[in-house]
Amino acid sequence: MMQGYDKAEALAYITMKLTATAPEELKEDLELLVDRLIDADMAYMHQANVLDAEGNAGDSYYDDDDAIEFMVDQVSAQMQYTPEMTIKLALLTDDYMDFQQEYLEKKGLIAWE
């Protein structure tokens, strides 16, 4: 997990934000999906060396496209989604990325120069 990241707080924040934009078919499982997306996001960051083992900044930069592909593949497999549901998950994941970034900026965990 990223140093200083409060998963429970992020989960509540992102889920609340996604409630308005999530595809209807995903709303019933929204909190579970966001939980799994956060876990997949953190797994991607560790695997890609964006974060080191202690959750500090690693040597690599975060690639949004690679991250989205990784997260969608992981969560879709976990949920055993059809290709049609995977497309809806990809749309949700794109919105998740915006709200995750918003949360990180709000908490001062990332800043753009």
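Above this text sits the structure in question.
Read on for an overview of the structure. (Residues numbered from 1 in each chain as written. Predicted model: local features only at pLDDT ≥ 70, side-chain atom pairs only at ≥ 80, totals over all residues. Heavy atoms only, no water.)

### Remarks on the packing of helix α3 (residues 30–47) against helix α5 (residues 83–106)
Reasoning step 1: Relative to each other, α3 and α5 sit at 70°, their axes nearing to 11 Å. Considering the angle they form, α3 stands roughly perpendicular to α5. For the pair α3 and α5, the sense of crossing is right-handed. Each of Leu30, Leu33, Leu37, Ile38, Asp41 and Met42 in α3 lies in contact with α5, whose residues at this interface are Leu89, Leu92, Thr93, Tyr96 and Gln100.
Reasoning step 2: For the contact of α3 with α5, the class distribution of residues is 8 nonpolar, 2 polar and 1 charged. (Axes fitted to C-alpha atoms, helices over the stretch in contact; angles between N-to-C directions. Helix = DSSP H or I, 4+ residues; strand = E, 2+ residues; numbered from the N terminus. Parallel < 35°, antiparallel > 145°, perpendicular 65-115°, else oblique. Left-handed = near helix turned anticlockwise from the far one by under 90°. Contact = heavy atoms within 4.5 Å. Nonpolar A, V, L, I, M, F, W, Y, C, P; charged D, E, K, R; others polar.)

### Some remarks on the packing of helix α1 (residues 7–18) against α3
For any two helices packed against each other, the geometry comes down to the angle between their axes and how far apart the axes lie.
Reasoning step 1: Viewed as axis vectors pointing N to C, α1 and α3 meet at an angle of 125°, and their least axial separation amounts to 9 Å. Considered as vectors, α1 and α3 are oriented oblique to each other. Pair α1 / α3 crosses with right-handed handedness. Taken together, the residues of α3 that come into contact with α1 (itself represented by Lys7, Ala10, Leu11, Ile14, Thr15 and Leu18) are Leu30, Glu31, Val34, Asp35, Ile38 and Asp39.
Reasoning step 2: Looking at the contact of α1 with α3 residue by residue, the classes come out as 7 nonpolar, 1 polar and 4 charged.

### Quick word on the packing of aromatic side chains
Reasoning step 1: A complete count under the given rule lists 4 aromatic pairs for this structure.
Reasoning step 2: Geometrically, the ring pair formed by Tyr13 and Tyr103 is tilted, given 5.8 Å between the ring centres and 45° between the ring planes. Here Tyr13 is found in helix α1, whereas its partner Tyr103 is found in helix α5, with 90 residues between them in sequence. Neither Tyr13 nor Tyr103 differs from the other in exposure class; each is buried.
Reasoning step 3: Taking 5.5 Å as the distance between ring centres and 85° as the angle between the ring planes, the aromatic pair formed by Tyr44 and Tyr62 counts as edge-to-face. Placement of the pair is Tyr44 in helix α3 and Tyr62 in the loop between α3 and α4 (64–79), with a sequence separation of 18 residues.
Reasoning step 4: Since its relative accessible area comes to 7%, Tyr44 is described here as buried.
Reasoning step 5: Residue classification places Tyr62 among the partly exposed positions, given a relative accessible area of 29%. (Phe/Tyr/Trp six-rings, centres within 6.5 Å; stacked < 30°, edge-to-face > 60°. Buried < 20%, exposed > 50% of the residue type's maximum accessible area, 1.4 Å probe, protein only.)

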